[in-house]
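# A closer look at the structure
Listed here are the chains, written in short residue letters.
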Amino acid sequence: MIEVLFFARLRETLDLARLALELTEPTTVGALKAQLAARGPGWQALFAGCQVLAAVNQELADDATPIRPGDEVAFFPPATGG
Amino acid sequence: MTDDVRILTTGLDPAALTTELVNDRAHSQGALVTFVGMVRDLSANPVTAMQLEHYPGMTEKSLAAIIGRARARWPLGRVLIAHRVGLLHPGEPIVFVGVTGSHRREAFAACEFLMDYLKTEAPFWKKEFTPDGERWVEAKSSDGEAAQRWRAAQQQQQ
């Protein structure tokens, strides 16, 4: 299992804050994005733009970053704090 | 050397935080620089309230990492970053950064460095409420350029 978290605009668009996914073998952030985009048009639109950042175990990640069972993955827009 | 990262759901009090740093005799330093960011109140673009969201856990780690990078560049005494989350109104403080050092130059530089990286790297997101509705604030390219400036400066030194 992995836990996938969504924040800010993504959380609102999907109406979903977290999602538990079955994961039996290692994957990557890019492959997970493709898998999520296949869930429907709303998901596809979400991952089409470049304005979605990813983190694996609370560290910024890119498409090549590996994901292993038990990992915490998050997707969110660029930061606007401060 | 003490690093302090505080995510607050209520009452960020810049005066109290400043006093805390001034009174810290254990880290007696010659200079203290503070920055306070507040919710803007522009009549041309009325924002009635603002919601601050963060990624609990990653936000704290990210701020600690930014402080670590500042410490690698300048000799610093105390660093204190406090950031509000939740509902805020115009005029209320959102963020406080306080840096002590032996001399003003490194304290000024580190304070600006911390803010520039906080704005682009720490996972916080702002949503504005206006009379016309609500909107997520878009990231500004000028903020990315402000952080980039420090990388360029370091490359020049090397």
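Bear in mind that the values here come from a model prediction, so they are computed numbers and not experimental data.

Regarding its fold elements, chain A presents 3 helices and 7 strands. For chain A, the α and β elements follow one another from N to C terminus as β-α-β-β-α-α-β-β-β-β. Against the globule reference of 12 Å for 82 residues, chain A gives a C-alpha radius of gyration of 12 Å, in line with a compact fold. Across its three principal directions, the C-alpha atoms of chain A cover 35 × 30 × 20 Å. Buried residues in chain A amount to 48% of all 82 residues. Pairs at least 24 apart in sequence give 58% of the contacts found in chain A among residues at least 6 apart. Of the roughly 4100 Å² of accessible surface on chain A, 52% is carried by carbon and sulfur atoms.

Right, let's get into the confidence of the model for chain B. Residue-level pLDDT values for chain B average 92, and 96% of them are 70 or greater. Here the predicted complex carries an ipTM of 0.93, next to a pTM of 0.92.

Before going further, it helps to spend a moment on the side chain of T59 of chain B. Residue and element names in this part refer to chain B. Here T59 lies in helix α2 (residues 58–73). Given a relative accessible area of 0%, T59 falls into the buried group. The contacts of T59, once residues within four sequence positions are left out, are I7, H54, P123 and F124.

This part covers the sheet that holds strand β7 (residues 124–130) of chain B. All names here are of chain B. If you walk across this open sheet you meet the 4 strands as β5-β3-β7-β8, and the pairing is antiparallel. Edge positions in the sheet fall to β5 (86–88) and β8 (133–136), since each of these pairs with one other strand and no more. Between one strand axis and the next, the sheet turns by 25 degrees as a mean value, whatever way the strands run. Direction of pairing for β7 relative to β8: antiparallel, over a ladder of 4 bridges. Across the sheet, residue K127 finds its bridge partner in β8, namely W136.

Thresholds applied
Residues numbered from 1 in each chain as written. Chains lettered and ligands numbered in written order. Predicted model: local features only at pLDDT ≥ 70, side-chain atom pairs only at ≥ 80, totals over all residues. Heavy atoms only, no water. Helix = DSSP H or I, 4+ residues; strand = E, 2+ residues; numbered from the N terminus. Rg over C-alpha atoms; globule rule 2.2 N^0.38 Å. Buried < 20%, exposed > 50% of the residue type's maximum accessible area, 1.4 Å probe, protein only. Contact = heavy atoms within 4.5 Å. Areas by Shrake-Rupley, 256 points an atom, 1.4 Å probe, with all protein chains shown as cover. pLDDT = per-residue confidence, 0-100. Pairing = 2+ DSSP bridges. Axes fitted to C-alpha atoms, helices over the stretch in contact; angles between N-to-C directions.

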